[in-house]
Amino acid sequence: ESRLERARSLCEQGDTARGLLLYSNLLSNLPADVADLEFAVRANISQWWLEHRDLKLSLGRRGQGSFRAMFSPDGTRILAGNSFNGAGLLFDAGTGNAVGKPLPAFFHLTFTRDGSRALTAANDGRLTVWNAGMVEPLFDLEVPGENRRARQRGIDFSPDGTLAVTGGLDQTLRIWNAITGEPIGEPMPHRRAIDCAVFSPDGKIVASAGRDTSVRF
């Protein structure tokens with residue numbers, strides 16, 4: 001039995017304190033090159049810690065492991081998703097009820113500032129722009145060639161919602177027309193994978209950070 005399984009078993013048996021301690025010890029001793037395992041451990045810690053506090057509301061079910069969640073800008077909806085073995089769900093933040101049908105699983109997500117659209121990045125590299133209701137996708141952002149299946153870890157909309165920026169394991173930063181889905185300009189390569197990409201508050205500058213330990217803008 002692995003330490004991860006042992007920690008989960010302790011929590012499921014009601015010995016949450018020991019289970020969380022084992023999770024914490026595991027997390028502190030992980031090597032640097034196991035990002036997915038680190039993410040799984042952190043997700044389990046969050047799940048069990050929150051489950052045993054005085055919650056206002058708990059969304060989803062044990063074992064589904066929601067890895068990403070975000071409030072809509074107006075605070076009325078929560079978009080949550082599991083990239084590995086589940087699906088994305090849109091919740092009413094007031095009632096906790098799911099809104100609409102399940103969405104394809106995704107790894108990262110972001111809303112436009114006015115909440116009218118959302119962008120999701122799936123584990124298989126698919127980038128999808130959704131309308132406010134998240135009922136049907138508006139279109140995909142089509143990364144060309146072999147890079148189309150590279151996971152995109154940094155995604156953001158410009159403040160006015162007209163542009164989007166993406167960057168990920170293909171080591172390439174891209175700017176998109178967020179209204180039509182067409183790429184804008186030439187791709188901008190990094191030396192290693194990109195983990196973060198954001199617009200400045202005025203939308204005039206894009207900053208990106210990657211595993212080459214550099215920040216570019």
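All figures in this text were calculated on a predicted structure; none of them were measured in a lab.

Explain unusual backbone geometry to me, please; I cannot follow it from the model alone.
One non-glycine residue, Q171, lies in the positive phi region at around 60 degrees. With respect to the helices and strands, Q171 occurs in the loop between strand 10 (163-168) and strand 11 (172-177). For Q171, a relative accessible area of 32% translates into the label partly exposed.

Any chance you could explain empty space enclosed by the protein here in plain terms?
Gaps left between atoms are located by rolling a probe of water-molecule size over the structure's atoms. Inspection of the entire model under this criterion finds one cavity of 30 Å³ or more. In this structure, the largest cavity encloses a volume near 80 Å³. What lines the largest cavity is simply L103, P104, A105, F106, T120, A122, R126, T128 and W130. Looking at the lining of the largest cavity residue by residue, the class counts come to six nonpolar, two polar and one charged.

It is not clear to me how helix 2 (residues 16-28) should be interpreted in this structure. Could you clarify?
The end-to-end C-alpha separation of helix 2 is 18 Å, in line with the 18 Å expected for 13 residues at 1.5 Å each. Where helix 2 is concerned, the buried positions are T16, G19, L20, L22, Y23 and L26. Taken end-on, helix 2 shows its buried residues confined to a sector of 160 degrees, consistent with a single buried face. Seen from the open side of helix 2, the exposed residues pointing more than 90 degrees away from its buried face are A17, L21 and S28.

Looking at this structure, I do not really get helix 1 (residues 3-12). What am I missing?
An α-helix turns once per 3.6 residues; consequently, residues spaced three or four apart project the same way. Among the residues of helix 1, L4, A7, S9, L10 and C11 are the ones counted as buried. One or two steps after helix 1, the chain reaches G14, where phi turns positive at roughly 95 degrees.

Help me understand the environment of W48, please; the structure alone is not making it clear to me.
By the secondary structure assignment, W48 is in helix 3 (residues 35-51). The exposure class of W48 is buried, given its relative accessible area of 1%.

Can you walk me through the sheet that holds strand 9 (residues 152-157) in this structure?
Adjacent strands of a sheet form backbone hydrogen bonds with each other and so pair up, either parallel or antiparallel. Here we have four strands laid out as an open sheet, ordered 9-10-11-12, and antiparallel in their pairing. What marks the edges here is a single partner per strand, and that holds for strand 9 and strand 12 (183-189). With direction set aside, neighbouring strand axes in the sheet form an average angle of 15 degrees. As judged from the five bridges shared by strand 10 and strand 11, these two strands associate in the antiparallel manner. Note that in strand 11 the partner of T166 across the bridge is R174.

Criteria and cut-off values
Residues numbered from 1 in each chain as written. Predicted model: local features only at pLDDT ≥ 70, side-chain atom pairs only at ≥ 80, totals over all residues. Heavy atoms only, no water. Helix = DSSP H or I, 4+ residues; strand = E, 2+ residues; numbered from the N terminus. Buried < 20%, exposed > 50% of the residue type's maximum accessible area, 1.4 Å probe, protein only. 1 Å grid on protein atoms, 1.4 Å probe; cavity = no way out; pocket = protein on both sides within 12 Å on 5 of 7 lines; lining within 4 Å. Points joined across faces, edges and corners; volume = space filled by probe spheres on them. Nonpolar A, V, L, I, M, F, W, Y, C, P; charged D, E, K, R; others polar. Expected span 1.5 Å × (residues − 1). Arc of directions from axis to C-beta. Pairing = 2+ DSSP bridges. Axes fitted to C-alpha atoms, helices over the stretch in contact; angles between N-to-C directions.

The values reported here are purely geometric and, on their own, carry no functional implication.
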